[in-house]
Structures are given as structure tokens and as C-alpha cells.
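These are the residues of each chain, in order.
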Amino acid sequence: MNKRINIVLPEKTVAVLDRLATKGNRSRFINQAVVFYVNKKGKQNLRKQLKAGCLANAERDLEIAAEWFPIDEEAWQLLDDIREGKKPARRKSA
């Protein structure tokens, strides 16, 4: 469904619009331009939010990674041993 609206644009903007869109296609052109602009701004805002979140949580994330590093290394070593056909070392119970 379409809706008719009246807008006021500067003369320079109308001149650019006249060069880029024929008289019968102005509405389609303006619609495409608005959708493009909104999508671009949305992506920029999302990027900013993701960056801010990463920076805010960087220290915490590094601490978590450091805590889990030995376990991760052990798992990768076990996987390498299995791939090479070695018998995995048994863990001694404490």
C-alpha cells in the first residue's frame, strides 16, 4: 500500500533529483534512497555498538581465555594424539 505525502526539498536537491530520476519515477527513486540510507545507518550503528561492547568486555574476556587456556591446550593435544594414532595418555586421578 502506498501513501501520498507532501515534502519540501531545497531547490538544489530537486535539481539533483531531476537529473537522476525521470518525473514518473521520483517516488521510486526517493523510496530506494531512503531504504538505502536507513540500511547503511543501521549497519554503522550496529558496528559502533559491537565495537563498544568488545572494548567494554575486553579485560573480562582475556581473563576467561587465560583461565581456560590450559584445558583448551590439553584438548588440542588429545585430538592431535588421536589423529596421529597415539594412545591418549590417561589422566591420573587426584
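Residues numbered from 1 in each chain as written. Predicted model: local features only at pLDDT ≥ 70, side-chain atom pairs only at ≥ 80, totals over all residues. Heavy atoms only, no water.

Caption draft 1: Main features of the overall build of the protein. Secondary structure assignment for the protein yields two helices and zero strands. Taking 94 residues into account, the globule formula puts the C-alpha radius of gyration at 12 Å, and the protein, at 29 Å, lies well above it. If one aligns the C-alpha atoms of the protein with their principal axes, the spans along those axes are about 80 × 30 × 25 Å. Every one of the 94 residues in the protein was classed for burial, and the buried ones make up 3%. With the model as given, the accessible surface of the protein reaches about 9,600 Å², and the carbon-plus-sulfur share is 58%. (Helix = DSSP H or I, 4+ residues; strand = E, 2+ residues; numbered from the N terminus. Rg over C-alpha atoms; globule rule 2.2 N^0.38 Å. Buried < 20%, exposed > 50% of the residue type's maximum accessible area, 1.4 Å probe, protein only. Areas by Shrake-Rupley, 256 points an atom, 1.4 Å probe, with all protein chains shown as cover.)

Caption draft 2: Spatial organisation of a nonpolar patch on the surface. Together, Ile5, Ile7 and Leu9 give the surface a local cluster of nonpolar side chains, amounting to about 280 Å² of exposed area. Mapped onto the secondary structure, isoleucine 7 falls in the segment before α1 (11-20). With relative accessibility at 49%, the residue isoleucine 7 sits in the partly exposed group. (Patch = residues over 30% accessible without salt bridge, like charges linked within 9 Å, V, L, I, M, F, W, Y side chains within 5 Å. Salt bridge = Lys/Arg side-chain N within 4 Å of Asp/Glu carboxyl O.)

Caption draft 3: Broad picture of helix α2 (residues 26-83). In this model α2 runs just 64 Å from its N-terminal to its C-terminal C-alpha over 58 residues, more than 12% under the 86 Å that 1.5 Å per residue would give. The sharpest bend along α2 reaches about 55 degrees and sits at alanine 58. Just downstream of α2 lies glycine 85, where phi reads positive at about 80 degrees. (Expected span 1.5 Å × (residues − 1). Bend = angle between axes of the 7 residues up to and from the residue.)

Caption draft 4: Summary view of the packing of α1 against α2. At a closest axis distance of 10 Å, the pairing of α1 and α2 adopts a crossing angle of 110 degrees. Taken together, the axes of α1 and α2 lie roughly perpendicular to each other. Counted together, Val14, Leu17, Asp18 and Leu20 of α1 and Arg26, Phe29 and Ile30 of α2 form the full contact between these two elements. In terms of residue class, the contact of α1 with α2 is built from five nonpolar, no polar and two charged. (Axes fitted to C-alpha atoms, helices over the stretch in contact; angles between N-to-C directions. Parallel < 35°, antiparallel > 145°, perpendicular 65-115°, else oblique. Contact = heavy atoms within 4.5 Å. Nonpolar A, V, L, I, M, F, W, Y, C, P; charged D, E, K, R; others polar.)

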